[in-house]
Amino acid sequence: MAVAEFAPTHLNTRLNTSQLSSLSTSLSNHHRNSLRLIYRPRNTRISCSIAPSEAPVATKIDEAKNKPECFGVFCVTYDLKAEEATKSWKKLINIAVSGAAGMISNHLLFKLASGEVFGPDQPIALKLLGSERSFQALEGVAMELEDSLYPLLREVSIGIDPYEVFQDAEWVLLIGAKPRGPGMERAGLLDINGQIFAAQGKALNAVASRNVKVIVVGNPCNTNTLICLKNAPNIPAKNFHALTRLDENRAKCQLALKAGVFYDQVSNMTIWGNHSTTQVPDFLNAKINGLPVKEVIKDTKWLEEEFTEKVQMRGGVLIKKWGRSSAASTAVSIVDAIKSLVTPTPDGDWFSSGVYTNGNPYGIAEDIIFSMPCRSKGDGDYELVKDVIFDDYLRQRIAKTEAELLAEKRCVAHLTGEGNAFCDLPEDTMLPGEM
Ligand SMILES: NC(=O)C1=CN([C@@H]2O[C@H](COP(=O)(O)OP(=O)(O)OC[C@H]3O[C@@H](n4cnc5c(N)ncnc54)[C@H](OP(=O)(O)O)[C@@H]3O)[C@@H](O)[C@H]2O)C=CC1
Ligand SMILES: O=C([O-])CC(=O)C(=O)O
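On a predicted model such as this, the values are computed, not experimentally measured, just so you know.

## Quick look at the nonpolar core
Formed by 59 residues in total, the largest nonpolar core has its most connected members in I95, L112, L126, L128, L145, L173 and W272. Beyond its immediate sequence surroundings of up to four residues, L126 is in contact with I95, L109, L112, L145, L153, E155, V156 and S157. Counting 31 residues, the second largest nonpolar core, distinct from the first, contains A198, L226, A232 and F240.

Okay, here's the thing in structure tokens:
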């Protein structure tokens, strides 16, 4: 019989029977054996005796996959009362992440766990959604989280069933999606990924917190968000976002570079429309050092052509250099997107997010997900900014990205409960990463 020593040395431990059983299940995932746990009093080690398996191993692994289990050291409860440093901590929040074994998550999860996103007094629980395909990798991610000893990370669980993983989730970051392969039509990608987001929307509707905030990253993210929210009618449509913050950050960087200023001097940067090559980085309303961009950068041809294209195609250029799509900067932009919703927007500024268009003041078609300028009081909610200006150039560009999103919507009608799909995409426009 093998004996494993489990030593949460930095913690005060107190386990109840169900936690002992969870710990046993979790460790049995690693060791593929049955376990006998011996609990000793606080501040001592917990010994796990590993006996030859009695039940078929495959059955145990399958059980663990279907029902998310706490992982390793995260099965240990902390004695919060005994820890002086935690006295002022807020109530734990549940954050679910799909595609948790993918590249973006590999950056994001560690930022979430560090306190960089929700603050140094906000303990979190991470609920990681994977698949049969990624389950082993997911265990690896959870092991790395264990080994990072983040004080604010109180729970980690992994699973493959969204109905289990999304239970009571207050923030859901939907990152997992099939990448578009060679020769695959955009309509095909919309359908394959749309199925994933329809299923996840249904799961959110059934089990997530009623006030859950959902940020969709997996592409094509605007239409995936629409599909998701249509399948979650009991959650306010306003709570769903498609990530266009990376595009905003890319646009700020290019304007700063051209103006010869540091990028913190660029504000009021709107990305309008789709996270695709039709997106519109708005240089009419953006500011540099508090002045309209056009007063600082007088080269209109550069703004209309080079700047706009550079932002639209940044993802593709990066893939050509790096051999894979932006992962670290995407994770940073997810952090920015969340922080923009949980901290008050600085006076006079705004941020971009792909949100539901119903009631928008810009005359953009209703019932699509469109990136627009938003402000937040820091309560997780947002309002659309009213005082923006338009000219013919901006209106024309907005109309093009709007037409693309309306066409994408018709392509996925079978997934949004709106009858038969009819796919007449105006031209085979690209994701930023596909150029
Ligand atoms: N909105 C934005 O600004 C950006 C969006 N993206 C998008 O984010 C998504 C994730 O990117 P990234 O983390 O780099 O990708 P990875 O390929 O590293 O990970 C993607 C994850 O998606 C999951 N997945 C779901 N369905 C499939 C499928 N049919 N085939 C393969 N994998 C699948 C996999 O996890 P599992 O097996 O656990 O389901 C996989 O781990 C992509 O859709 C990408 O286009 C990327 C950059 C910017
Ligand atoms: O197409 C991709 O996967 C990458 C992407 O969205 C981007 O870089 O903006």
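## What about the pattern of salt bridges?
Throughout the structure, instances matching the rule amount to 13 salt bridges. Measuring nitrogen to oxygen at the nearest pair gives 3.3 Å for the salt bridge that ties E418 to K230. Taken together, the residues E418 in the segment after α13 (413–416) and K230 in helix α7 (residues 221–230) connect sequence positions 188 residues apart. For E418, a relative accessible area of 38% gives the class partly exposed. For K230, a relative accessible area of 24% translates into the label partly exposed.

## Some thoughts on the packing of aromatic side chains
Scanning the entire structure with this criterion turns up 8 aromatic pairs. With a centroid separation of 5.0 Å and an interplanar angle of 85°, the aromatic rings of W272 and Y362 are classed as edge-to-face. You can see W272 sitting in strand β12 (residues 270–272) and its partner Y362 sitting in the loop between β16 (351–356) and β17 (369–375), a full 90 residues away along the chain. The buried category is assigned to W272, whose relative accessible area is 0%. Y362 gets classed as buried once you look at its relative accessible area, which sits at 5%. Ring geometry for F283 versus Y393: centroids 5.5 Å apart, planes at 45°, classification tilted. You can see F283 sitting in the loop between β13 (280–282) and β14 (287–288) and its partner Y393 sitting in helix α12 (residues 392–411), a full 110 residues away along the chain. The same class applies to F283 and to Y393, which are both buried. Feature note: the residues F283, W302, F307 and Y393 constitute an aromatic cluster, connected by ring pairs. Lying across the ring of F390, R395 places its NZ or CZ 3.9 Å from the centre.

## As for the state of the cysteines
By the definition in use, this model includes 2 disulfides. Bridging C70 to C75, the disulfide has an S-S length of 2.2 Å. Residues C70 and C75 are joined through a disulfide that is right-handed, its torsion about the S-S bond being 110°. Both residues of the pair, C70 and C75, count as buried.

## Regarding the UniProt feature "domain: Lactate/malate dehydrogenase C-terminal" (unreviewed entry) in the chain
According to UniProt, the positions carrying the feature "domain: Lactate/malate dehydrogenase C-terminal" (unreviewed entry) are residues 244–414. Helix and strand shares over residues 244–414 are 46% and 16% respectively, and the end C-alpha atoms of the span are 25 Å apart.

## A short note on the packing of helix α3 (residues 103–114) against helix α11 (residues 328–342)
Two elements in contact, α3 and α11, have axes separated by 8 Å at closest approach and are oriented at 40°. Taken together, α3 and α11 sit at an angle that is classed as oblique. Like other packed secondary-structure pairs, α3 and α11 cross with a definite hand, here right-handed. Residue-level contacts link I104, H107, L108, K111 and L112 of α3 to A328, T330, A331, V332, I334, V335 and I338 of α11.

## Some details on the pairing of strand β8 (residues 171–174)
Where burial is concerned, the two faces of β8 agree: the one with W171 and L173 and the one with V172 and L174 are both buried. One ladder, built from 4 bridges, connects β8 with strand β9 (residues 213–216); its direction is parallel. If you follow L173 over to β9, its bridge partner there is I215.

## A closer look at the site of ligand 1
Lining the immediate surroundings of ligand 1 are 23 residues, of which M103, S131, R133, S134 and N219 lie closest. S131 has a polar side-chain atom sitting 2.5 Å from an oxygen atom of ligand 1. Taking R133, its side chain carries an N or O atom lying 2.7 Å from an oxygen atom of ligand 1. Burial of ligand 1 by the surrounding chains reaches 81%, relative to a free accessible area of 920 Å². For the shell around ligand 1, the residue count by class is 10 nonpolar, 11 polar and 2 charged. Taken together, domain 2 (90–242) and domain 3 (245–416) each give at least three residues to the shell around ligand 1, which thus spans both.

Here is what the cut-offs are and how they apply
Residues numbered from 1 in each chain as written. Chains lettered and ligands numbered in written order. Predicted model: local features only at pLDDT ≥ 70, side-chain atom pairs only at ≥ 80, totals over all residues. Heavy atoms only, no water. Core = buried A, V, L, I, M, F, W, Y, C linked by side-chain atoms within 4.5 Å. Buried < 20%, exposed > 50% of the residue type's maximum accessible area, 1.4 Å probe, protein only. Contact = heavy atoms within 4.5 Å. Salt bridge = Lys/Arg side-chain N within 4 Å of Asp/Glu carboxyl O. Helix = DSSP H or I, 4+ residues; strand = E, 2+ residues; numbered from the N terminus. Phe/Tyr/Trp six-rings, centres within 6.5 Å; stacked < 30°, edge-to-face > 60°. Lys NZ or Arg CZ within 6 Å of the ring centre and 35° of its normal. Disulfide = S-S within 2.5 Å. UniProt positions renumbered as here; feature names shortened; annotations may be inferred. Axes fitted to C-alpha atoms, helices over the stretch in contact; angles between N-to-C directions. Parallel < 35°, antiparallel > 145°, perpendicular 65-115°, else oblique. Left-handed = near helix turned anticlockwise from the far one by under 90°. Pairing = 2+ DSSP bridges. Near = heavy atom within 4 Å. Polar contact = N/O pair within 3.5 Å; in protein donor to acceptor, adjacent residues only side chain to side chain. Areas by Shrake-Rupley, 256 points an atom, 1.4 Å probe, with all protein chains shown as cover. Nonpolar A, V, L, I, M, F, W, Y, C, P; charged D, E, K, R; others polar. Domains from an automatic or database assignment.

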